[in-house]
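Survey of secondary and tertiary structure
Now for the letters of each chain:
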Protein chains: 2
Amino acid sequence: MAERGRGWARAVRGLLLDVSGVLYDSGADGGVPIAGSAEAVRRIKASGLKLQLCTNETQATRENFVRKLRAMGFDVSVAQVTAPAPAACRLLRERGLRPHLLVHDDLVPEFAEINKTNPNCVVLGDAAENFTYANLNKAFRLLIGMEKPVLISLGKGRYYKETDGLKLDVGAYMKALEYACDVQAEVVGKPAKRFFESALAELGVPPEQAIMIGDDIVNDVGGAQQCGMRALQVRTGKYRPSDENHPEVKPDAYVNNLAEAVDIILQEL
Amino acid sequence: MAERGRGWARAVRGLLLDVSGVLYDSGADGGVPIAGSAEAVRRIKASGLKLQLCTNETQATRENFVRKLRAMGFDVSVAQVTAPAPAACRLLRERGLRPHLLVHDDLVPEFAEINKTNPNCVVLGDAAENFTYANLNKAFRLLIGMEKPVLISLGKGRYYKETDGLKLDVGAYMKALEYACDVQAEVVGKPAKRFFESALAELGVPPEQAIMIGDDIVNDVGGAQQCGMRALQVRTGKYRPSDENHPEVKPDAYVNNLAEAVDIILQEL
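For chain A, an unreviewed UniProt entry supplies the name Phospholysine phosphohistidine inorganic pyrophosphate phosphatase and the organism Vidua chalybeata. Regarding chain A, the UniProt comment filed under Catalytic activity (unreviewed entry) reads as follows: "diphosphate + H2O = 2 phosphate + H(+)". As its UniProt record puts it under Sequence similarities (unreviewed entry), chain A is described as follows: "Belongs to the HAD-like hydrolase superfamily."

Dropping the structure here:
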């Protein structure tokens, strides 16, 4: 599928990379790099291609997230991370929205420069221990008191696994507030078109000159293609062989891993 | 509408009464009896008609609920209250289900005689302060770990008002768990047909010889009619004139209040 010289690798100026499942596999101890990925990132940078990470991570600031990646050997900077919280900040500024935050403590610094007085919307993240009865009622009262409630959700995941067991993810609490307020949340994060557009703006490359590389057939590949990008699926991370028969989404190519994708793209430069 | 001698009042052997909005109006101090309702309850009992209260109350045991009603002058007993928790117990016994409870502390005694070891379902009520992150994750893990998750919800309200402000009701948390587990909850309470059937079983009268009297056009009147009962809407409680143009539900009669309904029914005996 990923034969050299295919048209999909031509005229590329920038790459968007998913992180978990492409750069590293998450695990109990923070994660393990995927073989060849750290070297592939170095080769991208050396080639002059622009590089941006595009992740749905919302339990840490970009600073802490990058610290973890650098400790695993990835030469990336904070400015190279597109994550839901900064994308939400962009949206808040554009629309003059002042959020009430119901998010993880470790994410709060991302909103440091946003005006949060007299809130006219609620931003919901994976708040974890901050999902208390009192905090949920507070967010609900603010929403139901608005003439037109605005609920912005940093992702819509159902649940995830941590070392001490499964946890409800932000999507479950989003559904609770949607039902109580009879409102539909605006989801910031992959696969939202707006989120990929933010990543492209930060990459500084138009969609037709960018390639998204991810392990998620719907959220990475489908979402990027909806924005006019080419998109590759790696056969690492959450990739499953059945993805290759997906009824709706067909990647521009499959590659075994990030290293192979970079091999082919650099040969076409 | 409620003229004497109408057919709807004939051949009655038992009455189901909604409570809030029919017997009393709820308020900050626990509630105020609706004029004539306590006397109407006494007249029903004196007439030999069977009487059952049919309520969606889930923040108190029937014992405490009846204590409140008796303090307001209503001559009713615990056995005369059909509420979601006892109906859920009936359902649990019928299907051999062993619940994990996520409910209000004051409701727990209703489940005293139910086997709760090695749970194979979750019963969700308005747990209020018990809606903690840890408790929600625990209920979720039990559900997602079941081959076929069974979620039983005591009502599906969106929110309600207390003296210190609006609170998320059980329906919001039901939606969170439904989404996370990709399951549909079984709702126990009005307007579920099964709930009215429980009330009729406790009344000991077949549906064609029973009349439901309530203030809620959909949950009381519509639900009861679906079970083959006649149903009256009182013009007290949450009644609104626009209910009389409801597109789907048409009561067998409107009455100004419970006292008027009882006047008419007793004259037909």
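**Description of the domain arrangement of chain A**
As a measure of interface size, the accessible area lost when the parts come together is often cited. All names here are of chain A. Under the domain assignment, chain A is made up of domain 1 (14-56 + 190-262) and domain 2 (88-187). Computed from C-alpha atoms alone, the centre-to-centre distance between domain 1 and domain 2 is 27 Å. Taken together, the two surfaces of domain 1 and domain 2 that pack against each other cover about 480 Å², and 49% of this comes from carbon and sulfur. Between the two partners, domain 1 and domain 2, sit 2 salt bridges. Here Arg90 ties to Glu202 by a salt bridge, and the two come within 2.7 Å at their closest N and O atoms. The interface formed by domain 1 and domain 2 holds 2 residue pairs in polar contact (both at pLDDT 80 or more) in total.

**Topic: the sheet that holds strand 7 (residues 121-124) of chain B**
All names here are of chain B. Taken together, the 4 strands give an open sheet; going across it, the order is 6-7-8-11, and neighbouring strands pair in parallel fashion. Across the chains shown, the open sheet's two edge strands, defined by having one partner strand only, are strand 6 (99-102) and strand 11 (186-188). Direction aside, the axes of adjacent strands within the sheet are offset by 25 degrees on average. Note: strand 6 against strand 7, 4 bridges, orientation parallel. By the bridge assignment for strand 7, His100 is matched with Val122. Each of strand 7, strand 8 (151-154) and strand 11 is contacted by helix 5 (residues 170-181), which is oriented at about 165 degrees to strand 8, the strand it contacts most.

**Describing the relation of the copies chain A and chain B**
When chain A is fitted to chain B, the residual RMSD is 0.1 Å, and the transformation amounts to a turn of 179 degrees plus an axial shift of 0.1 Å. As the rotation angle and translation indicate, the two copies are arranged about a two-fold axis. When the interface residues of chain A are mapped onto chain B, 100% of them again fall at the interface, so both copies present the same face.

Calculation criteria
- Residues numbered from 1 in each chain as written.
- Chains lettered and ligands numbered in written order.
- Predicted model: local features only at pLDDT ≥ 70, side-chain atom pairs only at ≥ 80, totals over all residues.
- Heavy atoms only, no water.
- UniProt positions renumbered as here; feature names shortened; annotations may be inferred.
- Domains from an automatic or database assignment.
- Buried area = accessible area lost by both parts, 1.4 Å probe.
- Salt bridge = Lys/Arg side-chain N within 4 Å of Asp/Glu carboxyl O.
- Polar contact = N/O pair within 3.5 Å; in protein donor to acceptor, adjacent residues only side chain to side chain.
- Pairing = 2+ DSSP bridges.
- Helix = DSSP H or I, 4+ residues; strand = E, 2+ residues; numbered from the N terminus.
- Axes fitted to C-alpha atoms, helices over the stretch in contact; angles between N-to-C directions.
- Contact = heavy atoms within 4.5 Å.
- Least-squares fit on C-alpha atoms with pLDDT ≥ 70 in both.

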